[in-house]
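Here are the chains, one letter per residue:
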Amino acid sequence: MYDNPAESQWDLLAPYGFQDSLQIDWIEGEDPAEIAVRMGLDPASRAHCDLGDAVAITHKFPLKDNIWIGHHSPGWVCALGMFGTVPYVDLGQGGRRFTLSYHTEYGFGGFTLWKGSELAGEFGSDAIVDGELPAIFERYGSGLGVPSSESSRGFEIPRFPLGMESNDGSHGGRGLWPRDEAENLEVLLSVAGRIVGRFIDRAMLSETRMLYFNQEVI
């Protein structure tokens, strides 16, 4: 039996401004600096700060797609895209990387598992779970309402930008977030926390981690 997060995962992230864009990666490894180099990030661009300062720095340089990265739990590094994407990283030898992404323009981006350079499982906007994710969801999703491999019954994905109405005129709400979308992200953030052995928590958000400028978008 796995624990549940002490606090809502989304409610912890939302005050930092991720309503429009969220990509968070949990990457197998112990050395976040090494993983950043594999991503092509420049060590010379690195600063050390907590998430609040990372947000403030990013707002000063809005054209730069920053990455806040650090050791998260034994065997895992967490990389958070500062209102943009996290660069691709090939871990080699089957190293795992779980990615959760969302963007207001495109909606739910997906929850994916990569092993090395190979896509090993995906739950995407078509609401189908494939690859290794069904077994992972079955193991780590108890009590959370994760979708099965057959379909995502009860796990609706709005096909419209956040804060806008669907074709039937309905919309939900936690702020600008339709209720179902927020709940979907909450579930997947919780599943990832169980997989890597640590949920998002207040201590994490106040930890000093590394902030890199993504030179590819400068």
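Residues numbered from 1 in each chain as written. Predicted model: local features only at pLDDT ≥ 70, side-chain atom pairs only at ≥ 80, totals over all residues. Heavy atoms only, no water.

A few words now on the overall build of the chain. Helices and strands together make up the secondary structure of the chain, namely six helices and nine strands. In the chain, which comprises 218 residues, the proportion classed as buried is 51%. Excluding contacts between residues fewer than 6 apart, the proportion of contacts in the chain whose partners are at least 24 apart in sequence is 66%. If you sum the accessible surface of the chain, you get close to 10,300 Å²; carbon and sulfur atoms cover 49% of it. (Helix = DSSP H or I, 4+ residues; strand = E, 2+ residues; numbered from the N terminus. Buried < 20%, exposed > 50% of the residue type's maximum accessible area, 1.4 Å probe, protein only. Contact = heavy atoms within 4.5 Å. Areas by Shrake-Rupley, 256 points an atom, 1.4 Å probe, with all protein chains shown as cover.)

This brings us to the confidence of the model for the chain. This prediction gives the chain a mean pLDDT of 80; 76% of its residues lie at or above 70. Low confidence marks residues 149-179, where pLDDT is under 50. Its contacts with residues over four positions away, or in another chain, come to 62 contacts. (pLDDT = per-residue confidence, 0-100.)

Under the counting rule described, the total for this entry stands at eight salt bridges. Salt-bridge contacts for Glu 34 lead to Arg 38; the nearest nitrogen and oxygen are separated by 3.8 Å. Taken together, the residues Glu 34 and Arg 38, both in helix α2 (residues 32-38) and four residues apart, mark about one turn of the helix. Residue classification places Glu 34 among the partly exposed positions, given a relative accessible area of 43%. Between Arg 209 and Glu 207 there is a salt bridge; the shortest N-O distance is 2.9 Å. (Salt bridge = Lys/Arg side-chain N within 4 Å of Asp/Glu carboxyl O.)

Glancing now at helix α4 (residues 133-140). Leu 133, Ile 136, Phe 137 and Tyr 140 are the residues of α4 that are buried. Down the axis of α4, the buried set is contained in an arc of 100°. They therefore lie on one face. Every exposed residue of α4 that faces more than 90 degrees away from the buried side is listed here: Ala 135, Glu 138 and Arg 139. (Arc of directions from axis to C-beta.)

Attention now moves to the nonpolar core. Membership of the largest hydrophobic core comes to 43 residues, with the highest contact counts inside it found for Trp 26 and Phe 111. The element that contributes the greatest number of residues to this core is helix α5 (residues 179-196), accounting for eight residues. For Trp 26, the contacting residues outside a window of four places in its chain are His 72, Trp 76, Val 77, Cys 78, Arg 96, Arg 97, Phe 98, Leu 100, Phe 111, Leu 189, Ala 192 and Val 196. Counting residues in hydrophobic clusters, the runner-up holds 14 residues, among them Ile 27, Ile 35, Val 77 and Val 89. (Core = buried A, V, L, I, M, F, W, Y, C linked by side-chain atoms within 4.5 Å.)

Most of strand β4 (residues 76-81) sits inside the fold, with six of its six residues counted as buried. Looking at chain direction, strand β1 (residues 21-28) and β4 are connected through five bridges and run antiparallel. Following the sheet pairing, Glu 28 is matched in β4 by Trp 76. (Pairing = 2+ DSSP bridges.)

Positionally, Arg 209 belongs in strand β9 (residues 209-212). Its relative accessible area of 3% is what places Arg 209 among the buried residues. In this structure Arg 209 touches Ala 47, His 48, Cys 49, Trp 68, Ile 69, Gly 70, His 71, His 72, Cys 78, Arg 198 and Met 204, once residues within four positions along its chain are discounted.

Glancing now at helix α3 (residues 51-60). When we look at burial in α3, the residues that qualify are Leu 51, Ala 54, Val 55 and Thr 58. End-on, the buried residues of α3 take up no more than an arc of 100°, which puts them together on one face. Regarding α3, its N-cap is Asp 50, as a side-chain oxygen of that residue lies 3.3 Å from the backbone nitrogen of Gly 52 further along. (Polar contact = N/O pair within 3.5 Å; in protein donor to acceptor, adjacent residues only side chain to side chain.)

By the element assignment, Glu 186 lies in helix α5. When its relative accessible area of 17% is taken as the criterion, Glu 186 is described as buried. A distance of 2.8 Å separates a polar side-chain atom of Glu 186 from the backbone nitrogen of Trp 10. If near-sequence neighbours (up to four positions away) are discounted, Glu 186 is found in contact with Glu 7, Ser 8, Gln 9 and Trp 10.

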